[in-house]
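# What the coordinates show
This is what each chain is made of:
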Amino acid sequence: MSNRFWLAPALAAALLTACSGPSADQAARLPILGERDVRPNPNGGPADTIFATAPAFAAVDQAGQPVTNQTFAGRAYITDFFFATCPGICPKMNGALLSVFKPYATDPRVAFVSFTIDPAHDSLPVLDDYAQRLGVTDAKRWHFVTTGHSATARDTVYGLAKGFFTAAQPDKEAPGGFAHNGTFALVDDQGHVRGLYDSLDANEVARLQKELPVLLAEIAERHPKATAAK
Amino acid sequence: MMGRCLGLGALGVVACLSLPGCFSNNRHQGARLYAEACAGCHGDAGQGLGRLIPPLAGADYLALHRDELPCLLRRGMHGPMTVNGVLYNQVMPAARVDDKQLSPARLTNLLNYVENNWGNHAAPRTIQEVERQLTACPTVGE
């Protein structure tokens, strides 16, 4: 059942690629997700399509370093939303992300970002302890970030979650006091969200593992020099 | 999967009871409860997760604290604990399935599954034993 459910986006992605790809024999491309805006061209040429980008964020990671969209300019990154004391889906979600992370642990082409949705509790030392316990020693590879201590930090991160196509909100009924679903977002070098994956479904995690190299190949095409320098 | 024996009706039950392979509906219940209530944290093979979630496979804690495990599952657990020499300090919630706490019979099947899987071996528990251990659950820390 869950298979069928997820076949739909995969199929849609395939069709989209087939229709909008520049040439039929080019390697498969991941779709660009989100609303798009079509602006008529004042000069009468073909209309411009403006693709949605991931929301702007300014956060601080477990090493105390600022993390913004610019941190990942020219690179791919993968996001999720969690909290350190989460008794619900987080262990499974971050366990799944760990399996995606491991083969790329020292690969600068892709970084990982986990936003806490409980910034009041998850201070930098708590985030650092969590990362270490998960087995992530280099904060530059996998950032565990907080939107800070201000009264609005929580609203900020809920808004970000929405922008990355996942849901997070306080809920007294939910385990640990927050309701959220464990969606991973795969973002490209230009800030477009290119894939969404249900972390609780092994097939979806496998799809992410398959699609990440596809995106990395596309990025390498755009930045031939950076790849050559590597 | 687990419905295979149950779904056969009265005749099937007789057939099941006489087949050693089918005898362990208990085991199936334990496996099912584990998948529903525990695997998300402890992993499909009881492997745990880094130093966040302790393993159940090969965990010395199981034998060292055998009598306390029914209470641990019933009540949950928090604070520092050492498993196989590694210090853990997170929250394990009380075991619930379908928003209900587990009966002594279900706890028995679940523990028998955990304690005899992934290389673990322990004497089978009886429901009476688990019931007795539950009545002795400490009330402190609640």
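Residues numbered from 1 in each chain as written. Chains lettered and ligands numbered in written order. Predicted model: local features only at pLDDT ≥ 70, side-chain atom pairs only at ≥ 80, totals over all residues. Heavy atoms only, no water.

## A word on helix α2 (residues 90-101) of chain A
All names here are of chain A. With twelve residues, α2 ought to run about 16 Å at 1.5 Å a step, and its terminal C-alpha atoms sit 16 Å apart, in line with that. Summarising burial for α2: nine of the twelve residues are buried, a large majority. Buried within α2 are the following residues: C90, P91, M93, N94, A96, L97, L98, V100 and F101. (Helix = DSSP H or I, 4+ residues; strand = E, 2+ residues; numbered from the N terminus. Expected span 1.5 Å × (residues − 1). Buried < 20%, exposed > 50% of the residue type's maximum accessible area, 1.4 Å probe, protein only.)

## Thoughts on the interface of chain A and chain B
Contacts between the two partners involve eleven residues from chain A and, on the opposite side, twelve residues from chain B. Both faces combined, the contact of chain A with chain B buries some 1,000 Å², and carbon together with sulfur accounts for 61% of it. Where chain A packs against chain B, one counts zero salt bridges. Here chain A and chain B share four residue pairs in polar contact (both at pLDDT 80 or more) between them. Breaking the side of chain A that touches chain B down by element, the ones donating at least two residues are α2 and α3 (124-134) of chain A. Split into classes, the residues belonging to the side of chain A that touches chain B amount to six nonpolar, three polar and two charged. (Contact = heavy atoms within 4.5 Å. Buried area = accessible area lost by both parts, 1.4 Å probe. Salt bridge = Lys/Arg side-chain N within 4 Å of Asp/Glu carboxyl O. Polar contact = N/O pair within 3.5 Å; in protein donor to acceptor, adjacent residues only side chain to side chain. Nonpolar A, V, L, I, M, F, W, Y, C, P; charged D, E, K, R; others polar.)

## Some remarks on the side chain of T108 of chain B
On the secondary structure map, T108 of chain B appears in helix α7 (residues 104-115). Non-local contacts of T108 of chain B, meaning those with residues more than four positions away in its chain, are made with R125, T126, I127 and V130 of chain B.

## Thoughts on the sheet that holds strand β11 (residues 193-198) of chain A
Residues and elements named next belong to chain A. Here we have seven strands laid out as an open sheet, ordered β4-β3-β7-β6-β5-β10-β11, and mixed in their pairing. Each edge of the sheet is formed by a strand with only one pairing partner; in this case those strands are β4 (66-68) and β11. Shown here is a sheet whose adjacent strand axes are inclined to one another by a mean of 30°, direction ignored. Across three bridges, the pairing between strand β3 (residues 58-61) and β4 is antiparallel. Opposite V60, over in β4, you have P66 as the bridge partner. Helix-sheet contacts for α2 involve β5 (76-82), β6 (110-116), β7 (142-146) and β10 (183-187), and the interaxial angle to β5 is about 165°. (Pairing = 2+ DSSP bridges. Axes fitted to C-alpha atoms, helices over the stretch in contact; angles between N-to-C directions.)

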